[in-house]
Amino acid sequence: MQNIRRFGSRFYGATGSIFLPPIQLQQQVGGSRRSLKIPSSKTHRRSRPIKTKHVKEEEKKALEDMPTFKGYLETLKEIMHMPLTTADPEIPARRVTADYCARHFKTPPRNVTMLTRDFISDSLYNPAYGYFSKQALIFSPQKGYNFGEFRDSADFLSTMGRQYEEIEQELDDVRSIPRQLWHTPTEILKPWYGYSVARHIAQQYAEDRKNGVHNGPLVIYEVGGGNGTLMLNILDYLREYEPDMYNQTEYNLIEISPKLARQQLSRHASSSTLHGNARIINQSILDWDKHENRPCFVVAMEVIDNLAHDVVRYDYQTDTPYQALVHVFDDGEFEEIYEQVYDPLIREYLATRAQAAKKYRSPAQSSRLYRKLRSQLPLAPNLTRAEFVPTHAFRFVQVLGKHFPRHRIVLSDFYKLPDTVPNAVSAPVVQTRFDGTMVPCTTYLVQPGWFDIFFPTDFELLLQMYNHMCRTGASAPLGPARVCSQREFARKYAELPKTATRSGENPMLDFYENNKFLLS
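Residues numbered from 1 in each chain as written. Predicted model: local features only at pLDDT ≥ 70, side-chain atom pairs only at ≥ 80, totals over all residues. Heavy atoms only, no water.

Novice: Any chance you could explain the overall build of the protein here in plain terms?
Specialist: Along the protein, the regular secondary structure elements total 17 helices and 20 strands. Taking all 520 residues of the protein together, 56% fall into the buried category. (Helix = DSSP H or I, 4+ residues; strand = E, 2+ residues; numbered from the N terminus. Buried < 20%, exposed > 50% of the residue type's maximum accessible area, 1.4 Å probe, protein only.)

Here it is as structure tokens:
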């Protein structure tokens, strides 16, 4: 760790990337977002100008428009504007995990090193200072909207926006520190979104009983229940439209957040339609160790986007993968350190991906011609750009295959997102609200607990890995899973007249078009 350059920026953390000997990484990632007017440390500039500075404007624009060179030029610009950290490099750092931080720290730790997934998981889920433990609140109108009262989708969005602002203002008025408010399709399209999920489950359950695949009660496990709205909507639908099925239904809600679990219990207890067949379990699905051998449904709506990822880069010459570590200095600055992949979960993910998706090649791994050309450029990196690999989503699928061998999955999430961290594969959106405005960031190295970090999902790759891991052996008779769009799912299972505006526009079809479903 001697004589290694460190870069950083106050509050958001460092953006420099280093990698342990014998190779030194020259490519930098991230960068502080300038939208927030927060004092930053002094900026260090090199005296040597960037070589592209004197290129003709049209040639410079052509270069920047070329995907091959865009990342390289961005890298140069970032290096030239990076501030220096004031941290003491001599202070040793402990190697920790998110679980260790949850047990031992009430404030974000200093002088520690952890895998990227542990840093992200700690930032989101630490019970003392994590985003979902302290900052996040889910927008939930007291009752569902009557969509027929709205002129069109814009009128509906305007009404919802006013309510959103009113709630946000109320929160800011009673708290010295603003809370983060966000919404889900379950909440703004209730109860009809939940009813569509219930109708899919009911139809699949009836078909399984008819085919002899299922002859017991309807068992449902929901992961990450938010406010508990989806649970109530599904059970309300079954009681209203499938009473015989409802009478033999067992509903289990698995929630990692103690705050949300308490809120779900309170909401369920105060509901005018109390359901005696619902159980709320405050536990992470990743730590699940109970075996459910009965046929069941596992519901996960907008869950895997907040499951932590690791960062991997590949050696330009050998394709050897390197894993990222986040080093937190004594003054709260951050930096990335790269070492060869030794973590068992990352290694297992990469090996399983190679088996399940034989034709898949990471977009971070360039062609040999590209590597040769880029190696001729000054300051050429020796590692590829970063790839965020979904190790916790992979762990989730492992849990399904091991402990729920006869399950059917109902999973929905984002397959694409705007404003993701630049110059990386499968990069997340990192954002917070400041003065009522959502501010996206250009790095995941941010102050733990204050920022939402969520990822897009490659559903085609997920499908191949899910079928490889969960549709063999005893589960093979259930058949392979499939992927469909939000619109396709809604057309098949939703009561579309209930969510249509007077103009004919339909939020159930038109909103959340960047969502897909994984169904089995």
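Novice: Whenever I open this one, the confidence of the model for the protein confuses me. Can you help?
Specialist: Reading predicted coordinates in detail is not appropriate for stretches of low pLDDT. In this model, the protein carries an average pLDDT of 79, and 74% of its residues clear a pLDDT of 70 or more. Looking over the protein, one finds the lowest element-wise mean pLDDT in strand 1 (residues 17-19), namely 38, and the highest in strand 20 (residues 515-519), namely 97. Contacts for the low-pLDDT stretch residues 1-56, under 50 throughout, to residues beyond four places or in other chains number 166 contacts. In this model, residues 173-179 is a region of pLDDT below 50 whose contacts with residues beyond four sequence positions or in other chains number ten contacts. (pLDDT = per-residue confidence, 0-100. Contact = heavy atoms within 4.5 Å.)

Novice: Even after reading the chapter, I still don't get the sheet that holds strand 17 (residues 437-440), so can you show me in this structure?
Specialist: In a beta sheet, neighbouring strands are held together by backbone hydrogen bonds and run either parallel or antiparallel to one another. Taken in spatial order, the three strands line up as 17-16-18 in an open sheet, and their pairing is antiparallel. For this open sheet the edge positions go to strand 17 and strand 18 (452-454), each flanked by a neighbour on one side alone. The sheet shows a mean angle of 30° between the axes of neighbouring strands, direction not considered. Two elements, strand 16 (residues 429-434) and strand 17, share four bridges in a ladder whose sense is antiparallel. Within strand 17, the position partnered with glutamine 431 by the bridge is proline 440. (Pairing = 2+ DSSP bridges. Axes fitted to C-alpha atoms, helices over the stretch in contact; angles between N-to-C directions.)

Novice: Got a minute to help me understand helix 4 (residues 116-125) in this structure?
Specialist: Given 3.6 residues per turn, any residue in an α-helix points the same way as the ones three and four places further on. A large share of helix 4 lies buried, amounting to nine of its ten residues. For helix 4, every residue scored as buried is listed here: Thr116, Arg117, Asp118, Phe119, Ile120, Ser121, Asp122, Ser123 and Leu124.

Novice: Mind showing me how you'd approach the pattern of salt bridges here?
Specialist: Working definition: two side chains of opposite charge can pair if their charged atoms are close together. The final tally for this structure, using the stated rule, is 15 salt bridges. In this structure, arginine 199 and glutamate 495 form a salt bridge, with 3.2 Å as the shortest nitrogen-oxygen distance. Within this pair, whereas arginine 199 is found in helix 8 (residues 192-210), its partner glutamate 495 is found in the loop between helix 16 (486-493) and helix 17 (507-510), the two being separated by 296 residues in sequence. For arginine 199, a relative accessible area of 14% corresponds to the buried category. Put simply, arginine 487 and glutamate 513 hold a salt bridge, and the shortest N to O gap is 3.0 Å. (Salt bridge = Lys/Arg side-chain N within 4 Å of Asp/Glu carboxyl O.)

Novice: Before we go on, may I ask you to explain the sheet that holds strand 6 (residues 218-223) in this structure?
Specialist: Overall, mixed pairing links the seven strands, which are arranged 8-7-6-9-14-20-19 in an open sheet. The outermost strands of the open sheet, each flanked by one partner alone, are strand 8 (278-282) and strand 19 (482-485). The mean angle between the axes of side-by-side strands here comes to 15°, regardless of whether they run parallel or antiparallel. Summarising the sheet, strand 6 and strand 9 (residues 296-301) pair through three bridges and their orientation is parallel. Bridging from a neighbouring strand, glutamate 222 pairs with valine 299 of strand 9.

Novice: For this particular structure, what's the right way to read helix 8?
Specialist: Under the 1.5 Å per step criterion, the end-to-end length of helix 8 is 27 Å for 19 residues, consistent within 8% with the ideal 27 Å. Most of helix 8 is tucked away, with 14 of its 19 residues classed as buried. Count one or two residues on from helix 8 and you reach glycine 212, which has phi positive near 80°. (Expected span 1.5 Å × (residues − 1).)

Novice: Can you help me understand the side chain of serine 121 in this one?
Specialist: With respect to the secondary-structure elements, serine 121 resides in helix 4. Aside from chain neighbours lying at most four places away, what touches serine 121 is Ala98, Asn126, Ala308 and His392.

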